[in-house]
Structure formats: C-alpha cells, structure tokens
Amino acid sequence: MPSLNANERVRPALAGFEPYDPAFSPCEVNLSANENTHPLPESVREAIARSLVATPLNRYPDPLANELRDELADWHGVKRENVMVGNGGDELLFNLLFSFGGPGRSLVVAPPCFEEYKNFAKMCETEVVEVWRRESDYSLDADALIEAGRHATLIMLTSPNNPTGDLVDPELVRRLLDQTDALVLLDEAYVEFAEEGASLVSWVHDNPRLMILRTLSKAFALAGLRCGYLIADPAVIDVLAAIRQIYSEDVLAQAAATAAVRMRSELVPVVNDIVLERERLARELLTLSSATVWPSHANFLLMRLPHAARIRARLRDEYSVLVRDFSYAPGLADCLRISVGTREENDALLTALHALVEGEDA
Ligand code: PMP
C-alpha cells in the first residue's frame, strides 16, 4: 500500500498531537479516572431506562437540548439563556477556546491542573500562560494570576482542582473579575463533592465575564453518557450556540440526562457516601510510611509516595487495582491520583497498598 505522510499535510498547529490514551488496563478495581463507581440508585436507573425506551431514534436531536437546559436552569436558579449543554465538559472547553481563543490571544492556567485546557488552547492556536502553583502545598499564586490575567483573553481555574483537590478561594475569583478584563472560567466538574455553598454559580448573574463548567460525569455517575454544561452570560451562550457542532448532544444522552437531573435529590446519599469514604481513605493512606496525602474536596485524593510509579504498576499487575500515575508529570513527582470508590474497592486498594509499601520498606 503506498504510504501517506499525513503529518506533513496536517494543519501546523495540530501536528504532533497524540491520541488520548489513559492506559486503562482492564482491572477488577478501577480507581483511575475519577468516575463515580457506586451503582446508580434503582429509581434513577429505572427513570433513565424508561426515558431511553421512549426516545425515537429516527429524528434529529433538539440541537440546543432545550428540555435539559430548562431542567438545569431550574436547578441552578438561572434562565435557559444562561445554559449551554455539551458532549461532555470537554466539548464546551474546546468550544470556549475555539470561540474566544486564537492567534494573538492567550489563556492563563494554573498547573498542575486538567491538561485538556492546554491541549485545546494549542489546537486553537492560543498562547498558554502557565502560572504554576506553589511547590510546597500546591496553593495558587493569586498575585501572579492577576498579573498574568491582565494580559489574557481567558483564565481557566478548577475548583476543586484536578489533581490537587483544593477549592479556588472566591476572593481570588472576585479579584480576577475586578482587576482583569479576561473571561474567567471556573471548572466545577467536581464541586458536588465539596461543602454546600462551594459553587459560584450564583455569581454569574452579576458577573458577565464569569463562566461555570459542570458535568454529569462525576457526581451523577454518567461519564459514559457525555454530558456537561456551561452556565454563563447569555452573550457567551449565544456565541457557543452559533459555533457548536449542531447535533453533538444526541437524543439518548439528552433523554437520560434530563431524567437524571430531575431525580438529582436521589443522588445525594451516594455523594455523601463518597465524601465519607474520601475522608476514611485519606486517614488510612496517611498511615502508610512516607506517604503525603493532600486534603481534597473532590472524589479523588492526591498522594505522594516513594517509588510511586513502581507501586502503581505492582498494584495493577499483582492486585488488579488501577490508579492514575502522575509521577512523570511536571510538579507531581512520585504522585498518584486515587479516585474514591465504594467501601469494598477502597478496602481492596488499602490492603494491596499496605502489603506493597511494607514489602518495599523491608
Ligand atoms: N474538567 C475537569 C477538571 C475534569 O477532570 C474533567 C474530566 N476528567 C472534565 C472537565 C471533563 O469531563 P467530561 O468531559 O467527562 O464532562
């Protein structure tokens, strides 16, 4: 077969990107992707199943998913015009950079954070300005962020942050809105696992440059569905509505998401259980010799452990437990990220880790 060098022909800004591969080895216990591993309550499962069965597939979807937008708007005390649904939060992040980024514009991020911000910015030919968190405790450098934000088009912060688990101080968001002219995205993908009142959704009404990203992939246990949403000023939503892939949110995802959001109160016990398990897991992990575990407001914990990469490989190969290796990532030497699972899954992890770490120490 004659060969084609596609890399020579690809748009220069896109050359060199690799397919996303989170190295999911099939394992009995998968705590690597910050999913919600608890089973959905039966009532929610049934409601989703009923609405899927009742959804015809021969018609195109409602492009803007208005029924779902209304349900989300009702929940968050905003209007339909403030909500945009996307094929996962990822699509909305990409569309934000596609819309508001571009040559001559810049995005400020605060690594270590979700890598896709940077990837999407590069794809959209947007300069990335990194304001690194402090090495000692991963806290944000507020003054440096504001200084960088003064020259930026967009700022993206994560609250709680992936992978460090901390919340963004609302005072910093206040200062970014007051002292810069940038659009500020607060990514609240994990905020349901934080304390009541941690979300800044209610600020959007009075702050047209503030945008909040949410997703059904985490607390709602619907990562496979691909449904995220943005709450923002109607002017921002209008731009996103105009440039989006028109049918990116399919009929089944819209139907299932609408049913799940209507039944959101039934998910509260699941979220509460994950929060309790997170605290128990953190206490237990801290008993491992030489482990550092950062406080987390999300459904995962960041842990630093000597020989992290080797321990992670042994967890996978000898105990069929998968966690995420960040030990190669800048600023995260010897760090693993562990999603909080069910009690049984967390116990399996703890038993394996204790055996491995004690073995390595011996
Ligand atoms: N933001 C953050 C911080 C995330 O960790 C993720 C998923 N890992 C997303 C956004 C996107 O989630 P999804 O596309 O599944 O909605």
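What you see is a predicted model; the values in this text were computed from it and never measured.

Conventions used here
Residues numbered from 1 in each chain as written. Predicted model: local features only at pLDDT ≥ 70, side-chain atom pairs only at ≥ 80, totals over all residues. Heavy atoms only, no water. Helix = DSSP H or I, 4+ residues; strand = E, 2+ residues; numbered from the N terminus. Contact = heavy atoms within 4.5 Å. Areas by Shrake-Rupley, 256 points an atom, 1.4 Å probe, with all protein chains shown as cover. Lys, Arg positive; Asp, Glu negative; His and termini not counted. Charge placed at Lys NZ, Arg CZ, Asp CG, Glu CD. Pairing = 2+ DSSP bridges. Axes fitted to C-alpha atoms, helices over the stretch in contact; angles between N-to-C directions. Polar contact = N/O pair within 3.5 Å; in protein donor to acceptor, adjacent residues only side chain to side chain. Phe/Tyr/Trp six-rings, centres within 6.5 Å; stacked < 30°, edge-to-face > 60°. Buried < 20%, exposed > 50% of the residue type's maximum accessible area, 1.4 Å probe, protein only. Domains from an automatic or database assignment. Buried area = accessible area lost by both parts, 1.4 Å probe. Salt bridge = Lys/Arg side-chain N within 4 Å of Asp/Glu carboxyl O. Nonpolar A, V, L, I, M, F, W, Y, C, P; charged D, E, K, R; others polar.

Novice: For this particular structure, what's the right way to read the overall build of the chain?
Specialist: When helices and strands are tallied, the chain shows 12 helices and 12 strands. In terms of overall dimensions, the chain has C-alpha extents of about 60 × 60 × 50 Å along its principal axes. Here the analysis covers contacts within the chain between residues at least 6 apart in sequence; of these, 72% occur between residues at least 24 apart. Carbon and sulfur atoms form 52% of the exposed surface of the chain, whose accessible area is close to 16,900 Å². One finds the centroid of the 34 positive side-chain charges in the chain at a distance of 3 Å from the centroid of its 55 negative side-chain charges.

Novice: I would appreciate a short explanation of the sheet that holds strand E3 (residues 106–109) in the present structure.
Specialist: Paired through backbone hydrogen bonds, the strands of a sheet run either parallel or antiparallel to each other. Spatial ordering of the open sheet is given by E2-E8-E7-E6-E5-E3-E4, a layout of seven strands whose pairing is mixed. Of all the strands in the sheet, just strand E2 (83–86) and strand E4 (127–130) have a single pairing partner and so form its edges. Between one strand axis and the next, the sheet turns by 20° as a mean value, whatever way the strands run. The pairing of E2 with strand E8 (residues 228–231) spans four bridges and is classified as antiparallel. The residue bridging valine 85 from the neighbouring strand is tyrosine 229, located in E8. Relative to the sheet, helix H5 (residues 116–123) contacts E3, E4, strand E5 (154–158) and strand E6 (183–187), its axis offset from that of E4 by approximately 150°.

Novice: Before we go on, may I ask you to explain the side chain of threonine 215 in this structure?
Specialist: Relative to the assigned elements, threonine 215 resides in strand E7 (residues 210–215). At a separation of 3.0 Å, a polar atom in the side chain of threonine 215 contacts the main-chain amide nitrogen of serine 217. Here cysteine 227 takes part through its backbone oxygen, which lies 3.4 Å from a polar atom of the side chain of threonine 215. When sequence neighbours within four positions are dropped, the list of residues in contact with threonine 215 reads Gly89, Ala189, Glu192, Cys227, Gly228 and Tyr229.

Novice: I tried to follow the packing of aromatic side chains on my own but got confused; where do I start?
Specialist: Across all of its chains, the model carries eight aromatic pairs by this definition. Ring geometry for tyrosine 60 and tyrosine 247: centres 4.5 Å apart, planes at 15°, overall stacked. Linking tyrosine 60 in the loop between helix H2 (42–53) and helix H3 (66–76) with tyrosine 247 in the loop between helix H8 (234–243) and helix H9 (251–262), this pair joins segments that are 187 residues apart in sequence. Residue classification places tyrosine 247 among the partly exposed residues on the basis of a relative accessible area of 35%. Between tyrosine 138 and tryptophan 294 the ring centres are 5.1 Å apart and the planes differ by 50°, which places this aromatic pair in the tilted class. Of this pair, tyrosine 138 sits in the loop between E4 and helix H6 (142–149) while tryptophan 294 sits in the loop between strand E9 (292–293) and strand E10 (300–304), and the two are 156 residues apart along the sequence. Considered together, tyrosine 138 and tryptophan 294 belong to a single accessibility category, that of buried residues.

Novice: Could you clarify how one ought to interpret the domain arrangement of the chain in this entry?
Specialist: Structurally, the chain comprises domain 1 (22–40 + 267–361) and domain 2 (42–262). Placing a centre on the C-alpha atoms of domain 1 and another on those of domain 2 gives a separation of 26 Å. With 26 residues of domain 1 at the interface, the matching set in domain 2 holds 27 residues. Among the residues of domain 1 in contact with domain 2, Leu40, Leu267 and His297 are the three that bury the most area, contributing 34% of the side total. If you look at where domain 1 meets domain 2, you find zero salt bridges. The interface formed by domain 1 and domain 2 holds 10 residue pairs in polar contact (both at pLDDT 80 or more) in total. Mapped onto the side of domain 1 that touches domain 2, the elements with two or more residues apiece are helix H10 (268–285), E10 and strand E12 (335–339). Considering each element in turn, the side of domain 1 that touches domain 2 owes the most residues, four residues, to H10. When the residues that make up the side of domain 1 that touches domain 2 are grouped by side-chain class, the tally is 15 nonpolar, seven polar and four charged.

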